[in-house]
Amino acid sequence: MKKHILLLTSSLLLHTMLMAQQFSEQPIPGLPALTNSKAEWSDLDNNGFVDLLVSGQTDIGADYFNVFLNIGDGSFTASSAGISTLANMQFGLADLNHDGFIDLFVSGEDGAGQANTTYYANDGDGSFTGSVTGLVQLKDGDFALKDFDQDGDIDLIYSGRDDSSNRQTVAYRNENGELINETISLPGLANGAIKAADFNGDGLADVLLSGIGNAANRVTEVYLNEGNWNFSASANSFIATAFNQIAVSDIDLNGSLDFVMTGISDSGFQSLYYSNENGVFSLSNIGLTAFASGQVGIADFNGDQYPDILIGGSTSGGLFENQYLRSDGLTGFDNRVSPLDQITNGSYAVADFNKDSYVDVYYQNL
């Protein structure tokens with residue numbers, strides 16, 4: 001029987017979810033309950049199993065970050081990692097220096113309230129060493145890491161606001177591990193999200209950018225990569241949101257990348273699915289509940305080869321909910337009862353962490 005794994009940090013349990021949404025439980029020590037959290041899977045020590053990076057705030061208000069190394073037998077061990085903990089911490093992952101190990105960018109606010117953006121090189125054992133690169137110091141932003149100039153190196157675009165509350169979106173070209181600042185025409189935004197993907201199928205990584213601009217305006221836009229670090233706004237029209245989460249995937253399996261987004265627009269809470277046909281986006285009504293402080297996970301959760309949607313957050317009525325939409329691959333989605341508890345400023349992260357060929361879900365909630 002196919003199974004999915006749900007890591008529920010509010011009760012420090014590893015849940016096994018069967019196709020009928022039944023659960024078995026396995027204690028996982030050392031994983032605290034967090035709010036305002038972010039989580040991602042990545043194989044940091046190259047043992048073939050994805051590890052877990054977690055940031056957030058504990059129930060006593062303490063800022064938190066840690067790396068949990070996946071041993072490969074279903075258990076994890078906390079790593080000291082060597083990463084300085086920041087408030088409202090965001091992170092991005094990629095092998096910047098071509099040593100075969102995933103490196104880490106972090107941004108947030110230090111103990112003095114100052115913006116901090118730091119590049120940490122992976123030492124190869126799940127620990128990291130901070131690298132001084134002269135990066136623009138921002139907070140309340142997000143990272144996108146792709147080979148934007150197609151030279152074989154992973155480049156960096158990130159957004160946020162500096163200590164003077166100027167919102168910026170900056171780019172660094174990677175030349176054999178050296179980060180070189182590039183001038184780009186993307187708007188300066190904070191309190192949003194960035195995703196990099198080839199949305200129009202021309203082989204170049206485009207940028208989906210959202211957040212609040214310097215005129216207190218909300219922005220959501222796909223900026224097409226024209227080469228040589230030139231980006232131009234697409235001809236699409238999107239509902240502009242901020243304070244959002246975005247997940248990108250070819251949900252309708254037509255060969256073009258779609259996205260699901262939660263956030264707050266000028267008219268209120270939003271959960272939006274934009275389907276893409278060769279770079280032309282259409283807003284599709286699939287019955288999503290409007291969430292703020294939302295999280296989105298897209299994966300084939302039931303093993304039928306069609307991407308499903310897991311989404312949750314706070315509603316305009318003050319409730320905290322989760323929603324599971326199962327794709328039937330033909331006519332749309334079945335709105336199923338979510339097997340998860342209510343989520344409050346928590347997070348999802350999806351990956352096959354135990355290598356049983358079935359999608360697993362890290363679920364975190366305070």
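Residues numbered from 1 in each chain as written. Predicted model: local features only at pLDDT ≥ 70, side-chain atom pairs only at ≥ 80, totals over all residues. Heavy atoms only, no water.

## Regarding the overall build of the protein
Note the following rule: Numbering of helices and strands starts at the N terminus; helices are DSSP runs of H or I of at least 4 residues and strands are runs of E of at least 2. Burial here depends on accessible area, computed with a 1.4 Å probe over protein chains only, as a share of the maximum for the residue type. Under 20% is buried, over 50% is exposed, and the range in between is partly exposed. We call two residues in contact when some of their heavy atoms are within 4.5 Å.
A count of helical and extended segments in the protein gives zero helices and 29 strands. Out of the 366 residues belonging to the protein, those deemed buried represent 54%. Considering only residue pairs separated by 6 or more positions, the protein has 41% of its internal contacts joining residues 24 or more positions apart.

## With respect to the sheet that holds strand β12 (residues 143-146)
To keep things clear, this is the line we draw: Each pair of strands is called paired provided DSSP finds at least two bridges between the two strands. Inter-axis angles, ranging from 0 to 180 degrees, are taken between N-to-C directions of lines fitted to C-alpha atoms, where helices are fitted over the stretch in contact.
The strand order across the open sheet formed by four strands is β12-β13-β14-β15, and the pairing between neighbours is antiparallel. On the outer flanks of this sheet lie β12 and β15 (178-182), each paired with one strand and no other. Each strand axis lies, on average, 25° off the axis of its neighbour in the sheet, ignoring direction. One ladder, built from six bridges, connects strand β13 (residues 155-161) with strand β14 (residues 167-175); its direction is antiparallel. From the neighbouring strand, arginine 161 faces β14, where its bridge partner is arginine 167.

## Here's the deal with the layout of surface pockets
Applied cut-off: Every definition here rests on a 1 Å grid over the protein atoms only: cavities are sets of points where a 1.4 Å probe fits but cannot get out, pockets are open sets enclosed by protein on both sides within 12 Å along at least five of seven lines, and lining residues have some atom within 4 Å of a point. Grid points are joined across faces, edges and corners, and a volume is the space filled by probe spheres set on the points. For this classification, Asp, Glu, Lys and Arg are treated as charged, while Ala, Val, Leu, Ile, Met, Phe, Trp, Tyr, Cys and Pro are nonpolar and the rest, including Gly, are polar.
Within this model, the largest pocket holds a volume of roughly 1600 Å³. As for the largest pocket, its lining consists of 48 residues, and the residues nearest its centre are Lys38, Asp142, Lys195, Gln245 and Ile246. For the lining of the largest pocket, the per-class residue count stands at 23 nonpolar, 19 polar and six charged. If you add up the space inside the second largest pocket, you get close to 200 Å³. What lines the second largest pocket is a set of 13 residues, among which Ile251, Asp252, Ser327, Gly329 and Gly332 lie closest to the centre. Tallied by class, residues from the lining of the second largest pocket come to seven nonpolar, four polar and two charged.

## What about the pattern of salt bridges?
Put simply, the test is: What counts as a salt bridge is simple: a side-chain nitrogen of Lys or Arg found within 4 Å of a carboxyl oxygen of Asp or Glu.
Applying the stated criterion to the full structure yields eight salt bridges. Residue glutamate 182 pairs with arginine 173 through a salt bridge whose shortest N-O separation is 2.6 Å. No difference in accessibility class separates glutamate 182 from arginine 173, as the two residues are buried.

## Section: the sheet that holds strand β6 (residues 63-70)
Taken in spatial order, the four strands of this open sheet run β4-β5-β6-β7, and their pairing is antiparallel. Looking at the sheet topology across the chains shown, the edges are occupied by β4 (35-42) and β7 (76-79). The mean angle between the axes of side-by-side strands here comes to 25°, regardless of whether they run parallel or antiparallel. In this structure, β4 lies alongside strand β5 (residues 51-57), joined through six bridges in antiparallel fashion. Within β5, the residue paired with glutamate 40 across the bridge is leucine 53.

## A few points about unusual backbone geometry
Phi is positive for histidine 98, which is not a glycine, with a value near 60°. Relative to the helices and strands, histidine 98 resides in the loop between β8 (87-94) and β9 (103-109). Phi angles above zero are rare outside glycine, and alanine 216 is one such case at about 65°. Mapped onto the elements, alanine 216 comes out in the loop between β17 (206-212) and β18 (218-227).

## Let's talk about the pairing of β13
Along β13, six of the seven residues are buried, which leaves the element largely enclosed by surrounding structure. Relative to β13, β12 is paired through four bridges, and the arrangement is antiparallel. Residue pairing in the sheet places leucine 145 in a bridge with leucine 156 of β13. Counting the residues in the hairpin turn of β13 and β14 gives five residues, including serine 165, whose phi is positive at 65°.

## Describing the environment of aspartate 252
With respect to the element layout, aspartate 252 can be found in the loop between β20 (242-249) and β21 (258-265). Using a relative accessible area of 37% as the deciding quantity, one classes aspartate 252 as partly exposed.

## Notes on the nonpolar core
As a reminder, the rule being used: Take the buried residues of types Ala, Val, Leu, Ile, Met, Phe, Trp, Tyr and Cys, join any two whose side-chain atoms come within 4.5 Å, and each joined set is a nonpolar core.
Within the largest apolar cluster, 16 residues are counted, with the highest numbers of intra-cluster contacts made by Phe148, Ile157, Leu186, Val207, Leu209, Trp229 and Phe231. If sequence neighbours within four positions are ignored, phenylalanine 231 has contacts with Phe148, Ile157, Ile184, Ser185, Leu186, Ala205, Val207, Tyr223, Leu224 and Asn225. Among the nonpolar cores identified, the runner-up in size contains 15 residues, and Leu44, Leu69, Leu86 and Val106 belong to it.

## Brief notes about the packing of aromatic side chains
The relation between two aromatic rings is expressed through the spacing of the ring centres and the mutual angle of the planes. Heads up, the condition is: For Phe, Tyr and Trp, where Trp contributes only its six-membered ring, two rings pair if their centres lie within 6.5 Å, and the inter-plane angle classes them as stacked under 30 degrees, edge-to-face over 60, or tilted in between.
The tally for this structure, following the rule as stated, stands at 19 aromatic pairs. Geometrically, the ring pair formed by tyrosine 158 and tyrosine 172 is stacked, given 6.2 Å between the ring centres and 10° between the ring planes. Pair noted here: tyrosine 158 is in strand β13 and tyrosine 172 is in strand β14, with a separation of 14 residues, a long-range link. Take tyrosine 158 and tyrosine 172: they sit in the same class, and that class is buried.

## As for the confidence of the model for the protein
To be explicit about the condition: What pLDDT expresses is the predictor's confidence in each residue, scored from 0 to 100.
Of all residues in the protein, 88% attain a pLDDT of 70 or more, and the chain-wide mean is 87. Overall, residues 1-6 carries pLDDT values under 50, and its contacts beyond four positions in sequence, including any with other chains, amount to 36 contacts. Per-residue pLDDT stays below 50 along residues 8-24; that stretch engages in 58 contacts with residues further than four places along the chain or on separate chains.

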